[in-house]
Amino acid sequence: QVQLVESGGGLVQAGGSLRLSCVSATRTTNIYTMGWFRQAPGKERDLVGVVRWDGETNYADSVKGRFTISRDGAKNTVYLQMNSLKPEDTAVYYCAASRAGYCRGPQCMDYWGKGTLVTVSS
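Predicted, not measured: the structure shown is a model, and the values here were computed from it. (Residues numbered from 1 in each chain as written. Predicted model: local features only at pLDDT ≥ 70, side-chain atom pairs only at ≥ 80, totals over all residues. Heavy atoms only, no water.)

Trainee: Describe the overall build of the protein, and please don't skip the residues or the numbers.
Mentor: The helix and strand inventory of the protein stands at zero helices and 11 strands. The N-to-C order of helical and strand elements in the protein reads β-β-β-β-β-β-β-β-β-β-β. A globule of 122 residues ought to have a C-alpha radius of gyration of about 14 Å, and the protein, at 13 Å, matches this closely. With respect to the principal axes defined by its C-alpha atoms, the protein has extents near 40 × 30 × 25 Å. When burial is assessed residue by residue, the protein has 44% of its 122 residues classed as buried. Contacts spanning at least 24 positions in sequence make up 57% of the contacts within the protein whose residues lie at least 6 apart. On the protein, roughly 6400 Å² of surface is accessible, and the fraction owed to carbon and sulfur atoms is 46%. Treating the 14 positive side-chain charges of the protein as one cloud and the 10 negative ones as another, the clouds have centres 4 Å apart. (Helix = DSSP H or I, 4+ residues; strand = E, 2+ residues; numbered from the N terminus. Rg over C-alpha atoms; globule rule 2.2 N^0.38 Å. Buried < 20%, exposed > 50% of the residue type's maximum accessible area, 1.4 Å probe, protein only. Contact = heavy atoms within 4.5 Å. Areas by Shrake-Rupley, 256 points an atom, 1.4 Å probe, with all protein chains shown as cover. Lys, Arg positive; Asp, Glu negative; His and termini not counted. Charge placed at Lys NZ, Arg CZ, Asp CG, Glu CD.)

Trainee: Outline the nonpolar core, supporting the account with residue identities and numerical values.
Mentor: Grouped together as the largest cluster of nonpolar side chains are 28 residues, with contacts concentrated most on W36, L80, M82 and Y93. Of all the secondary structure elements, the ones that give two or more residues to this core are β3 (18-24), β4 (33-39), β5 (46-52), β7 (67-71), β8 (77-82), β9 (91-98) and β11 (116-121). For this core, the leading source of residues is β9, giving four residues. Y93 has contacts with E6, L20, W36, F37, R38, V48, F67, L80, M82, G115, T116 and V118, leaving out every residue within four places of it along the chain. Judged by nonpolar contacts, the second largest core, of six residues, contains L47, V50, C103 and M109. (Core = buried A, V, L, I, M, F, W, Y, C linked by side-chain atoms within 4.5 Å.)

Laid out in structure tokens, this is it:
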């Protein structure tokens, strides 16, 4: 099974930036989509952004223009650059990967990291 490890979370002031990283701890095959989701206490786990194998991206409306998802040369590595952070961005951020050719929701993701906490203070 694919093992995903997130890093880069922490405490930041509103308006600041963070860069999250996600790397597979094991060699992967047939991973077509990778992305980020977030979950605040008492809320559903929601899409932040995903990137497909060919570079196509999709973002939640709440982060468009502020967050950027990207890949390195390997299909099993993904980053999330977060700018202009707001207190409402506070959540546990989860890296995810899918064998589906097109996946934009948590229900079609096959593998999950344990999450990294991002806290944005006002």
